[in-house]
Every structure is written in structure tokens, then in C-alpha cells.
Amino acid sequence: MDYATVRGTAGHHGTYTEHAGSAPAVRPGQAGIWTAYASGPGTQTLTWKVRGGDWMVVAMNADGSRPVSLQVNVAATLPALPWVAAGLLIGGIVVMIGGVLLIVVPVRRASMR
């Protein structure tokens, strides 16, 4: 079966590359090659714990037939984000205090003369 790959997106449009193919030896859902998958009628949600490496997302009908219609929403959790934000906030406060001291100390010394 023919297939297409999508690379990059600009707005809501990707760059499609068409490829020639042949009928699969087994149904895609039975191939046993998927790290994570979701299948069935209606809206599907796939939650996958990310690991290092190069990964590819495949969207297809269970029998490999055409057409494929989908809407993709991607989300990620960043467990370290609160700590990074707190560190940046504390660093910003320290820099601000240093800036205030660099202004106040010379002004007070100049006014005491």
C-alpha cells in the first residue's frame, strides 16, 4: 500500500512525501512492532512515557486502508519546571537587590559629603 510521510509544519500544514508500498504481510495492529499504541472507534488517547532515541508517530487505519483522517493534539509534562521557575525567580530577586544596592550605596555616600 502506498503511504506518505509528513515532515515539519507551517501553521496547520505539513510537507507530504508520497512513497510506493505493497500490501502488508499482517494487519498493522498485529505486527507487534509498536512501542505504544491506541486503537478503536472514536477519539483515542495515547499516553507514552518518553525514552531517549529517535521516534516516529504512525497514524493509520487498523487494516492499512485509505483514507486516514486525524486531528493531533500533543502535550507534555515537565516535572522539573516548578523548580526551574523558582530558581529563576530567586536569581532575579538576588540580581534586583544587587542592582538596588549599586544605586543606593553610591547615592547615600554622595549625599553625606
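Residues numbered from 1 in each chain as written. Predicted model: local features only at pLDDT ≥ 70, side-chain atom pairs only at ≥ 80, totals over all residues. Heavy atoms only, no water.

**Description of the overall build of the protein**
Scanning the protein from terminus to terminus reveals one helix and two strands. If you list the helices and strands of the protein from N to C, you get β-β-α. Over its C-alpha trace the protein gives a radius of gyration of 27 Å, far above what one expects of a compact globule, namely 13 Å for 113 residues. Within the protein, the proportion of its 113 residues that are buried is 1%. Within the protein, residue pairs in contact and separated by at least 24 positions form 25% of the contacts whose partners lie at least 6 positions apart. Only carbon and sulfur atoms are counted for the fraction: they give 62% of the accessible area of the protein, which is about 10,600 Å². Charge separation in the protein, taken as the distance between the mean sites of 8 positive and 4 negative side-chain charges, equals 32 Å. (Helix = DSSP H or I, 4+ residues; strand = E, 2+ residues; numbered from the N terminus. Rg over C-alpha atoms; globule rule 2.2 N^0.38 Å. Buried < 20%, exposed > 50% of the residue type's maximum accessible area, 1.4 Å probe, protein only. Contact = heavy atoms within 4.5 Å. Areas by Shrake-Rupley, 256 points an atom, 1.4 Å probe, with all protein chains shown as cover. Lys, Arg positive; Asp, Glu negative; His and termini not counted. Charge placed at Lys NZ, Arg CZ, Asp CG, Glu CD.)

**Focus on the packing of aromatic side chains**
Inspection of the entire model under this criterion finds one aromatic pair. Pairing Trp48 with Trp55 gives two aromatic rings, centres 5.0 Å apart and planes at 70°, and the pair type is edge-to-face. (Phe/Tyr/Trp six-rings, centres within 6.5 Å; stacked < 30°, edge-to-face > 60°.)

**Concerning the environment of Val50**
Mapped onto the secondary structure, Val50 falls in the loop between β2 (13-19) and α1 (81-112). Between the alpha carbons of Val50 and Ala76 there is a distance of 9.6 Å; along the sequence they are 26 residues apart.

**Section: a nonpolar patch on the surface**
The grouping of Leu89, Ile93, Met96, Ile97, Val100, Leu101, Ile103, Val104, Val105 and Val107 at the surface amounts to a nonpolar patch, some 910 Å² of accessible area in total. The residue Ile93 is located in helix α1 in this model. (Patch = residues over 30% accessible without salt bridge, like charges linked within 9 Å, V, L, I, M, F, W, Y side chains within 5 Å. Salt bridge = Lys/Arg side-chain N within 4 Å of Asp/Glu carboxyl O.)

**A look at the confidence of the model for the protein**
Summarising the model, the protein shows a mean pLDDT of 83, and 96% of its residues fall at 70 or more. Per-element averaging of pLDDT across the protein places strand β1 (residues 3-10) at the bottom with 74 and α1 at the top with 95. (pLDDT = per-residue confidence, 0-100.)

**Considerations on the environment of Arg108**
Locating Arg108 in the fold gives a position in helix α1. Taking C-alpha positions, Arg108 is 78 Å from Gln30, a pair spaced 78 residues apart along the chain.

**Details of α1**
Taking 1.5 Å of rise per residue, the 32 residues of α1 would be expected to cover 46 Å, and the 46 Å separating its terminal C-alpha atoms lies within 8% of that figure. Little of α1 sits inside the fold, with zero of its 32 residues counted as buried. (Expected span 1.5 Å × (residues − 1).)

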